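# Residue-level structure breakdown
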Amino acid sequence: MAESPILEVTELSKFFGGVQAIMNVSFALAPGQILGIIGPNGSGKTTLVNLISGFVKPDKGSVFFKGRNITALQPHKIANLGLTRTFQVMRPYHSLSAFKNLIVPLNSPRVKRSSAGKLGDIDAVAIDILEEVGFERDARVPYKTAGSLPLGYLKRLELGRCIALKPEVIICDEVFSGLSMSEITSLIPLLERLRMEGITLMMIEHRLRELFRLSDRVVVLAFGRKIAEGTPDEVMNNRTVKEAYLGTETKV
Amino acid sequence: MTLEYRSDGVSAISILHHSTLQEPDFYSMEILIYGTVNSIIFALIALGFTLVYGVSRVPNFAHGSIYVLVGFLTWSFVNNSGFPYALAVIFSLVVAAILGFLIYRIVLIRLRGMATSEIIASFAVSLIILEGLRMQGIAGFKGFIGPFYTLKPFIEGKINLLGVFVDYQRLIIIGVGVGMVILLSLFTHHTKTGLSLRAIAQDEQAAMMLGVNSDRMAEIAMSIGSALAGLAAVLILPLGSITAEVGYRVLIYALAVCIIGGLGSWGGAILAAFVIGFAMKISTALFGALWESVVLVGTIILILLFKPSGLLGKQKELEERV
Amino acid sequence: MVAKTRRKKRLERSIKVRCEGLYALSSWSEIAYLMAPRVLLILGLLVIPFYVDMYWQRVLCSAGIYALLALSFDFLAAYVGLVCLGGALFIGIGGYIAGLLNHYFHLSPFVTIPIATIVGAAISTLVLIPCLRLRGIYFAIVSFMLPLFAVYIIIALNVFGGTEGISALDTFPSISLELYLILAAVLAALFAIRRLVNEDMGIILRGVKDNDQAVRASGISITAYKIRAVFMAALLGCFGGAYLGHLYGWLGISLFAMDFSILPIAATVMGGMGSLVGPVLGAFILTPMSEALRGFGQLRVVLYCLILIAFMVYKPEGIMNILQRKYHQFEKWEEV
């Protein structure tokens, strides 16, 4: 890689009790890339997201963001540096209406600093962002309480919450899970547009087909270890990966 | 004000009081013995609370009121109804168990899952019991007011233990306290009901799928927990007098032990009981009885600052799991 | 079984349907519709004192204190997710600061109350900061114990008048002044907090309540916001405490009494959690009621606990939310 990585993870390890959730995982993310992270259930994908975004502190190893060691930082400090994440379990601010959900990130120090107080009408900005992630502007949807929205909208809202921060890296924790095929296909252009805008994406995913189509590089986790890394094609033809997903071949 | 604090008690902890010995030679021995007694008193007080919370996640704020109620019931059975002491104790414990069951069945069952509502409702129950005991003039009821209500020790007298005088009641407390812990651990590890209780405590949904009725288990836990509160009462109350204020204090001690040990953790509760018991005993010996409560508060604040989930407690950092 | 041919259908009034919280007012009747309940509340609070004797005016004063506490409890519980069972802590700290300033430095109540409100809120916040990391029931339990610990410590160290307290503090010059001071404070606090929860800050706090992890992922420090929220809630309580100290001209450990923690909660549950007006209303119902039962001694505690439990179990939404629904919706019979 010619460019220096925007996000670098070195020898990250985390134990929960006696269980190795993550073991010596290292990889790097170049700016503007989409990195896919796949792995069977329980392979430590979500733990990895929690470790990088600062919600869980690693037992060993470090995370570098734009060359700065962010391992020990609090999650909100990390977010203010420009690295944010979505959550796998969708829990929006359910008592608030959809556009008010975005008021929260729009009040973060990062947004206030970058807009230098020239944000204008904050509600209008929130509605604009909702439109960007695919909420119909004229309809009532943005004014409905988030708790009453269907899952497809919630995923978009979650992405909108990240975009409002104007981040440099978004870690998407299973944005496709639970969505129908048509909902996924309508979400993909949004992700591609984000990448065009220069946002680096790290996608944790179960849906391999869509992920392989989107991502530049893929990292495969199994039982907390990195077992393969490479372009989607390389990974797809990797023997260890097949074994991890389908089990070892046994001769009868 | 309705809930006056007792202004006569110099120390907040009259139930732990005893005559201190002045001979310096036996000082450390005294701390050891009385520290152990105090610790086991704390453990007994907290055991019922932590059992109920551990199994059904119900913070039973009526714990202290059941403790006091059992004291008064036993007193009434002995002095008004003329029952033999042992029978009175057994009757009171049965009443406590039934009461625990009813509190869950009538009130708490409708508030399951809303922890703060459970706290508020069970504390309201507690106030009803405690203030009800103090109520005067309704239907000729005189109310239990003043320091006139005391229970007899099981066995009167003292014994010289390694140079320290200890009354038999305190030895009984140690014996029964240790016995209860052993009995409970046998119960939870080797009986069907006990194993179901543990199953519910570990993973409610999985246990329910395997046919364990979570409400039934919570009822059983509330009954056992209330009976344990009652047992603690009949053991400990002979050391002091029975008043409604004791109920608030017992609740606070139970909460303090559980917060320090980690909510719902048995081992934590026993460990915390010993930490507080000895910390308070040592501070009393060094600075005087007044400092007991300050030490208690200090211990809690230290725990909150350095290990908010308690000594052995596990508080999930994140809702999401791997 | 008789087949039901009619059922009640509940519909939102059109003005409520148009937009949630945003009203396009186009006629006097609509303005009147929105203003009526607010005006009724304000007028009610300001007028009632004229029609009762001095004793009940005093009762209204203490109802005002409970209303402030209920408001602060409701704000923390329903909008920040911190269930603070230790309202007495605020009362105690506020009352002690005002009383001590008055006793030792002979400052007038009009100086001590503002100082006690602000300094007391700062101290209460400092005391609660170690607990803010605790979630849910842990916070509730620890905040429940704090006022009792304050009592233990005051007795143990025998400071600030020890168990006896300090009496003969300055009182207010007239009953109407003390009455309108507290009523004005209640109304101001009520409308300020109603406003606040819809401002950006309030939205963030509600976010903290719904999902604190997402707030952190949005680059906002939840601790900083919780501290601000606790400070604001403490302002209300400490004002109440300082006022109470001067109302009775006395301070003592009863300022930390559990009454100040429990009655506001009962008022909140009865009035309707999260409605802000409800708790105030609840306090103005419960306090006079408990006062009327004063002759029965402890029966009144038993009674208001029974009311509390009955509301929690049977009408968990509370009076205010029911009234609001009745006001904003209309019912009609329809054929099935």
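Nothing here was measured: the structure is a model prediction, and the numbers come from that model.

Turning to the overall build of chain C, a few remarks are in order. Each helix and strand counted, chain C has 14 helices and four strands in total. Taking 20 Å as the expected radius of gyration for a compact globule of 336 residues, we find that chain C reaches 21 Å, a close match to that expectation. If one aligns the C-alpha atoms of chain C with their principal axes, the spans along those axes are about 70 × 55 × 45 Å. Sorting the 336 residues of chain C into buried and exposed places 59% on the buried side. Long-range pairs, those at least 24 residues apart, make up 80% of the contacts in chain C between residues at least 6 apart in sequence. As presented, chain C carries roughly 13,700 Å² of accessible surface, and 66% of it is formed by carbon and sulfur atoms. Side-chain charges in chain C split into 26 positive and 18 negative, and the spacing between the mean points of these groups amounts to 8 Å.

With that out of the way, let us pick up the pairing of strand S3 (residues 34-38) of chain A. Residues and elements named next belong to chain A. The buried fraction of S3 is high, at five of five residues. Of the two faces of S3, both are covered, the one formed by Ile-34, Gly-36 and Ile-38 as well as the one formed by Leu-35 and Ile-37. Of the pairings in the sheet, the one linking S3 to strand S8 (residues 200-204) comprises four bridges and is parallel in character. Each residue of the ladder has a partner; that of Gly-36, found in S8, is Met-203. Here S3 runs beside strand S9 (residues 217-222); their pairing, made up of four bridges, is parallel. Bridge assignment links Leu-35 to a residue of S9, and that residue is Arg-217.

All names here are of chain B. Look at helix H1 (residues 27-56): 43 Å from first C-alpha to last across 30 residues, which is about the 44 Å you get at 1.5 Å a residue. Taking the largest bend as the criterion, H1 deviates by roughly 35°, centred on Ala-46. Buried residues dominate H1, accounting for 25 of its 30 residues. Downstream of H1 by a residue or two, Arg-57 has a phi angle that is positive, lying close to 55°.

Quick look at the interface of chain B and chain C now. Listed per partner, the contact involves 57 residues of chain B and 47 residues of chain C. Together, the buried faces of chain B and chain C total about 4,800 Å²; carbon and sulfur atoms form 79% of this surface. Run the count over chain B and chain C and you get zero salt bridges. Counting across the interface, chain B meets chain C through one residue pair in polar contact (both at pLDDT 80 or more). The greatest single-element share of the side of chain B that touches chain C, amounting to 13 residues, is contributed by helix H4 (residues 115-133) of chain B.

Moving on, we come to the pattern of salt bridges. Residues and elements named next belong to chain A. Tallied over the full model, the rule gives 17 salt bridges over all chains. Between Lys-14 and Asp-59 there is a salt bridge; the shortest N-O distance is 3.8 Å. Remark: Asp-59 occurs in the loop between helix H1 (45-52) and strand S4 (60-65) and Lys-14 occurs in strand S1 (residues 7-16); sequence separation between them is 45 residues. One salt-bridge network, in which partners are shared between bridges, spans Lys-66, Arg-110 and Glu-168.

Below, the discussion takes up empty space enclosed by the protein. What the rule picks out here adds up to five cavities of 30 Å³ or more. Approximately 70 Å³ is the volume attributed to the largest cavity. What lines the largest cavity is simply B:Phe61, B:Ile119, B:Ile120, B:Phe123, B:Ala124, C:Leu85, C:Phe144, C:Ile262, C:Ile265 and C:Leu308. Those elements giving two or more residues to the lining of the largest cavity turn out to be H4 of chain B together with helix H11 (259-271) of chain C. With four residues, the top contributor of residues to the lining of the largest cavity is H4(B). Across the lining of the largest cavity, the residue classes tally to 10 nonpolar, no polar and no charged.

The next point concerns the packing of aromatic side chains. Aromatic ring pairs are reported here in terms of the distance separating the ring centres and the angle at which the planes meet. Residue and element names in this part refer to chain A. Enumeration over the complete set of coordinates arrives at 19 aromatic pairs over all chains. Geometrically, the ring pair formed by Phe-55 and Phe-87 is edge-to-face, given 5.7 Å between the ring centres and 80° between the ring planes. Here Phe-55 is found in the loop between H1 and S4, whereas its partner Phe-87 is found in the loop between strand S6 (83-85) and helix H3 (98-106), with 32 residues between them in sequence. Judged on exposure class, the residue Phe-55 and its partner Phe-87 are both buried.

This part covers the confidence of the model for chain B. Residues and elements named next belong to chain B. Chain-level statistics for chain B give a pLDDT mean of 79 and a share of 85% at 70 or above. Model confidence for chain B, summarised as mean pLDDT per element, is weakest for strand S1 (residues 158-161) at 73 and strongest for helix H3 (residues 85-107) at 91. Overall, residues 316-322 carries pLDDT values under 50, and its contacts beyond four positions in sequence, including any with other chains, amount to 20 contacts.

With that out of the way, let us pick up unusual backbone geometry. Here A:Glu11, not a glycine, exhibits a phi torsion of approximately 45°, which is positive. In this fold, A:Glu11 is placed in strand S1. Overall, A:Glu11 belongs to the partly exposed group, its relative accessible area being 47%. Unusually for a residue other than glycine, B:Arg57 sits at a positive phi of about 55°. Here B:Arg57 lies in the loop between H1 and helix H2 (63-79). For B:Arg57, a relative accessible area of 40% gives the class partly exposed.

Reading the values: rules and limits
Residues numbered from 1 in each chain as written. Chains lettered and ligands numbered in written order. Predicted model: local features only at pLDDT ≥ 70, side-chain atom pairs only at ≥ 80, totals over all residues. Heavy atoms only, no water. Helix = DSSP H or I, 4+ residues; strand = E, 2+ residues; numbered from the N terminus. Rg over C-alpha atoms; globule rule 2.2 N^0.38 Å. Buried < 20%, exposed > 50% of the residue type's maximum accessible area, 1.4 Å probe, protein only. Contact = heavy atoms within 4.5 Å. Areas by Shrake-Rupley, 256 points an atom, 1.4 Å probe, with all protein chains shown as cover. Lys, Arg positive; Asp, Glu negative; His and termini not counted. Charge placed at Lys NZ, Arg CZ, Asp CG, Glu CD. Pairing = 2+ DSSP bridges. Expected span 1.5 Å × (residues − 1). Bend = angle between axes of the 7 residues up to and from the residue. Buried area = accessible area lost by both parts, 1.4 Å probe. Salt bridge = Lys/Arg side-chain N within 4 Å of Asp/Glu carboxyl O. Polar contact = N/O pair within 3.5 Å; in protein donor to acceptor, adjacent residues only side chain to side chain. 1 Å grid on protein atoms, 1.4 Å probe; cavity = no way out; pocket = protein on both sides within 12 Å on 5 of 7 lines; lining within 4 Å. Points joined across faces, edges and corners; volume = space filled by probe spheres on them. Nonpolar A, V, L, I, M, F, W, Y, C, P; charged D, E, K, R; others polar. Phe/Tyr/Trp six-rings, centres within 6.5 Å; stacked < 30°, edge-to-face > 60°. pLDDT = per-residue confidence, 0-100.

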